[in-house]
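In case you want the letters, here they are:
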Amino acid sequence: MTADNTMAGPIAVSQPEPGIWRERLLRIVDEPLGLAGLLVLCLFATVAVLAPILAPYDPTVQDLGNIMQAPGAAHWAGTDELGRDILSRLIWGTRITFRTILTVALIIGPLGLVIGVISGYCGGKVDTVLMRFTDIVLSFPSLVLALSFAAALGAGLGTAIIAISLTSWPSIARLARAETLTVRRAEYVAAARLYGASHLRLIFLYIMPMCIPSVIVRLTLAMASVILTAAGLGFLGLGAQPPSPEWGAMISSGRKYMLDAWWIAVMPGIAILTVSLAFNLLGDTLRDILDPRHAR
Amino acid sequence: MIKVRNIDVHFQAHHHDKHAVKSVSFSVARGECLGIVGESGCGKSTVLRSLAGLETHWTGTIGMAGRQVGQKRRRDDLPLVQMVFQDPYGSLHPRHRIGRALKEPLISMGRTADDDIVGVALEGVGLPRHFAGRFPHQLSGGQRQRVAIARALLLKPPIVLLDEPTSALDVSVQAEVLNLLSALRREMELTYVFVSHDLGVIGQMCDRLIVMRDGELIEEMTADELRGRRVKTEYARELLEKSFI
């Protein structure tokens, strides 16, 4: 008996095929907005890595004879109320922003995924308990939680990261649960039950890989709001502490001089806007590429 | 090989009870192929899923290979019966390469799984060995269904359940897959239960068939009787007329 004749089609390639992932991700090249978002993020990531080389001045050294200089040749983004070069502070602040984003993503991604998949897979009482717990966490405002954390642990970047992480995993968990409910009814899961695949095997090797694309999309979109929350905490003085050049804290200190020296608050504002927008654009594009249900 | 006595299946949803299978009994001899026909919703797939162990809400008795099996299967009951599903696009994990898909049953049962076993399994269903490196989406529907058949046979089950295995395929590919299934049954002395709504396919594949309607078994006949159109009930006659035109 021979194989179907249709196999000689365009898929007949002798080399091993690249994974579905790579194929799908390469489609980003055809999406100008998403590509722009990705490039902006890559640029900021490079800046974060190369901050000591790129920054023209030390971000914390004060120059009181040179305060509130307007943007010009010597200081491209001007200087703040203590004479520090704003561009250098923004460049060093990139590091803080990326550290916050990466840490939060590494905490809430796996946590939300595991809770959501277990909830959806087990169903019944486990599902009810986990989802009600998720609802409770979801109703916590992250700023208020951060305030209480700051009171208990002392204000700082770490506290901000913990507060943001603890309040932003529920959306990932709900997404993973919804995704699991669809996947667990698939026939390949039924077939795996028939040949005796264990629950752990089904959860980690069959169901979880199917949830990861949408979780990545949601994480990317969530990063925009994480940046805004982190900046908000910095603005309230609950995030990174002076003199560390956190963007939110920079806006906060520039607020007082808004009329005389607009650039102190506006420059970090532009940085926050750019990164946040880049994450949104990339997230939307990833959703279009990875999730066929959102096809246009 | 299979003895089913008085199985009933009730589905409860929103205080509404659906009696999906009503006291159905039949038996299948070793090496025989029993067809189950009926329109969609008649309970034929539910019977099959109860046999497989996927449906656990049945009452009655099911015996296989001389022993009783329960609603929840024990681990050593699993290799008795495997199943080929209707949709060749849904029954293979989209992120597992074919080689991985074929190793999974062996790994799950704690048996040795190597590339050679996979190669032999692929050749056994008429596919080249190098397909092991491909993903399901790189295969046609017929090729996927062959992989699904190879996977069902890896644990060397004496019983294979077929849930409309060709209804999602093109007519030309259907015939090839049916021929493969017939050849495998002869070679490996398999016992089949074949669910379909297509009497033509059943007549070609099966030795005997039962007709179901609204959860009840209404007629049992041999394939010869089907071909000779010697049916007893009006409903079976209607089904016959619909499928042979």
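Since this is a predicted model, take the numbers as computed values, not measurements.

With that settled, the discussion passes to the overall build of chain B. Along the backbone of chain B there are eight helices and 10 strands. Here chain B has a C-alpha radius of gyration of 18 Å; the compact-globule value for 245 residues is 18 Å, and the two agree. Here chain B holds 245 residues, and 56% of them are scored as buried. Relative to all contacts within chain B whose residues are 6 or more apart in sequence, the contacts with residues 24 or more apart total 63%. Summed over its atoms, the accessible surface of chain B is roughly 10,400 Å², and 49% of this surface lies on carbon and sulfur atoms.

Looking now at the sheet that holds strand β1 (residues 2-13) of chain B. Residues and elements named next belong to chain B. Strand order across the open sheet formed by four strands is β2-β1-β4-β5, with antiparallel pairing between neighbours. Since the sheet does not close on itself, it has two edges, and those belong to β2 (16-28) and β5 (67-69), each with one partner. Averaged over neighbouring strand pairs, the angle between their axes works out to 25° when direction is ignored. Two strands pair when backbone bridges link them, and β1 and β2 are joined in this way by nine bridges, in the antiparallel orientation. Considered in β2, the bridge of lysine 3 is made with serine 27. Here helix α1 (residues 44-52) sits on the sheet in contact with β1, β2 and β4 (58-64), set at roughly 110° to β1.

Let us look at the interface of chain B and chain A. Contacts between the two partners involve 42 residues from chain B and, on the opposite side, 30 residues from chain A. For the chain B and chain A pair, buried surface summed over both sides reaches about 3,100 Å², with 56% attributable to carbon and sulfur atoms. Together, B:His93, B:Arg95 and B:Gln138 form the three largest contributors to the area buried by chain B at its contact with chain A, with a combined 21%. Linking chain B with chain A are one salt bridge, by the criterion used here. A salt bridge links B:Glu104 to A:Arg201; its shortest N-O distance comes to 2.9 Å. Secondary-structure elements contributing two or more residues to the side of chain B that touches chain A are β6 (81-84), α2 (98-108), α4 (141-153) and α5 (171-188) of chain B. At five residues, α2(B) tops the list of elements feeding residues into the side of chain B that touches chain A.

Procedures and definitions
- Residues numbered from 1 in each chain as written.
- Chains lettered and ligands numbered in written order.
- Predicted model: local features only at pLDDT ≥ 70, side-chain atom pairs only at ≥ 80, totals over all residues.
- Heavy atoms only, no water.
- Helix = DSSP H or I, 4+ residues; strand = E, 2+ residues; numbered from the N terminus.
- Rg over C-alpha atoms; globule rule 2.2 N^0.38 Å.
- Buried < 20%, exposed > 50% of the residue type's maximum accessible area, 1.4 Å probe, protein only.
- Contact = heavy atoms within 4.5 Å.
- Areas by Shrake-Rupley, 256 points an atom, 1.4 Å probe, with all protein chains shown as cover.
- Pairing = 2+ DSSP bridges.
- Axes fitted to C-alpha atoms, helices over the stretch in contact; angles between N-to-C directions.
- Buried area = accessible area lost by both parts, 1.4 Å probe.
- Salt bridge = Lys/Arg side-chain N within 4 Å of Asp/Glu carboxyl O.

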